[in-house]
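Given next are the chains, with one letter for each unit.
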Amino acid sequence: KHRHFSHGGTLSHHRQARPSRPEDRLPHATQAAPAGAAAVDVPELVFASGLPGFPGERRFALVRWGAFEGPYSLMVDLDDPQVRFLVMPPYVFFPDYVVDLDDAIAAKVHLERPEDCLLLVIVTLGARPEDATANLLGPIVVNLQTREGVQAVLAESGHSTRAPLAASTSAA
C-alpha cells in the first residue's frame, strides 16, 4: 500500500493535497540553539535509524536559515553541531513534486494523519546560486506530532538526487 505526499508534504490517499506552508505548522519553541545558531524552531527531531551515510546522527534541531519568512531551515545535529543539512519544503521549487511512500516508511515515524506530515528535501549549495540542487530522491519525512523523522529513498521514482533549483524556477 502506498501513500501520496505532495506540495507541502501533505499525505493523501490517492487525492490531491492542499498546499501548505510548513512554517505555519512548525511548533515555534524558541530556545538557545547549538553552537550559537539562530533560535530553534523544532527543538528535537529523532531519526531512529540515522540518515543514509550518517547512521550515528539521530537527533537534530530544525533551525530557520536566512530570512525569517524564507523557506530554508538547517537540520543541526544536536550531538555534533558541525553536522548540518540545509532543507526546504519541496513545493517551493517543485510544486508538482509527489512522493509515493509505502506504509513501511510511514510506520517508521508512526504517521497516520495527513496533517501530521512535514516533507522536506535536502539542498546542496554550489559555487554559484544557480548551481544549487535538491535531493528529490531522498526526501525527509517528519511526523510533526511525534517529531520522528526518516529519510525515504525512492529508488523506483525516477527522481534525482541533484535536481537543479534554477531549472525549476526558469521553467515556471
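Not measured: the values here are computed from a predicted model. (Residues numbered from 1 in each chain as written. Predicted model: local features only at pLDDT ≥ 70, side-chain atom pairs only at ≥ 80, totals over all residues. Heavy atoms only, no water.)

*Asks:* Now, about the overall build of the protein: what can you tell me, with residues and values included?
*Replies:* Scanning the protein from N- to C-terminus turns up 3 helices and 12 strands. With 172 residues in all, the protein has 48% of them scored as buried. Considering only residue pairs separated by 6 or more positions, the protein has 54% of its internal contacts joining residues 24 or more positions apart. When the accessible surface of the protein is totalled, it reaches about 8,600 Å², and 54% of it is carbon and sulfur. (Helix = DSSP H or I, 4+ residues; strand = E, 2+ residues; numbered from the N terminus. Buried < 20%, exposed > 50% of the residue type's maximum accessible area, 1.4 Å probe, protein only. Contact = heavy atoms within 4.5 Å. Areas by Shrake-Rupley, 256 points an atom, 1.4 Å probe, with all protein chains shown as cover.)

*Asks:* Quick one: what's the story with the environment of alanine 132, residue by residue and with numbers?
*Replies:* With respect to the helices and strands, alanine 132 occurs in the loop between strand 8 (117–124) and strand 9 (133–134). Looking at alanine 132, the relative accessible area reads 5%, which means it is buried. Along the chain, alanine 132 and alanine 167 lie 35 residues apart, while their C-alpha atoms are 9.9 Å from each other. When near neighbours in sequence (up to four residues on either side) are disregarded, alanine 132 contacts Thr124, Leu125, Gly126, Ala163, Pro164, Leu165 and Ala166.

*Asks:* Mind laying out the environment of tryptophan 65, listing which residues take part and the relevant values?
*Replies:* Relative to the helices and strands, tryptophan 65 is located in the loop between strand 4 (59–64) and strand 5 (73–77). A sequence separation of 23 residues divides tryptophan 65 from methionine 88, and the C-alpha atoms of the two residues are 9.8 Å apart. Residues in contact with tryptophan 65, not counting those within four places in the same chain, are Tyr72, Ser73, Leu74, Leu86 and Leu125.

*Asks:* Quick rundown of the nonpolar core? Include the residues and the values.
*Replies:* Counting residues in hydrophobic clusters, the biggest one holds 28 residues, and the most contacted among them are Met88, Phe94, Tyr97, Val141 and Leu165. Within the residue set of this core, elements represented by two or more residues are strand 4, strand 5, strand 6 (84–88), strand 7 (98–102), helix 2 (103–108) and strand 8. Top element by residues in this core is strand 8. It accounts for 4 residues. Core analysis: the second largest hydrophobic core is formed by 15 residues, Phe47, Leu51, Val83 and Leu118 among them. (Core = buried A, V, L, I, M, F, W, Y, C linked by side-chain atoms within 4.5 Å.)

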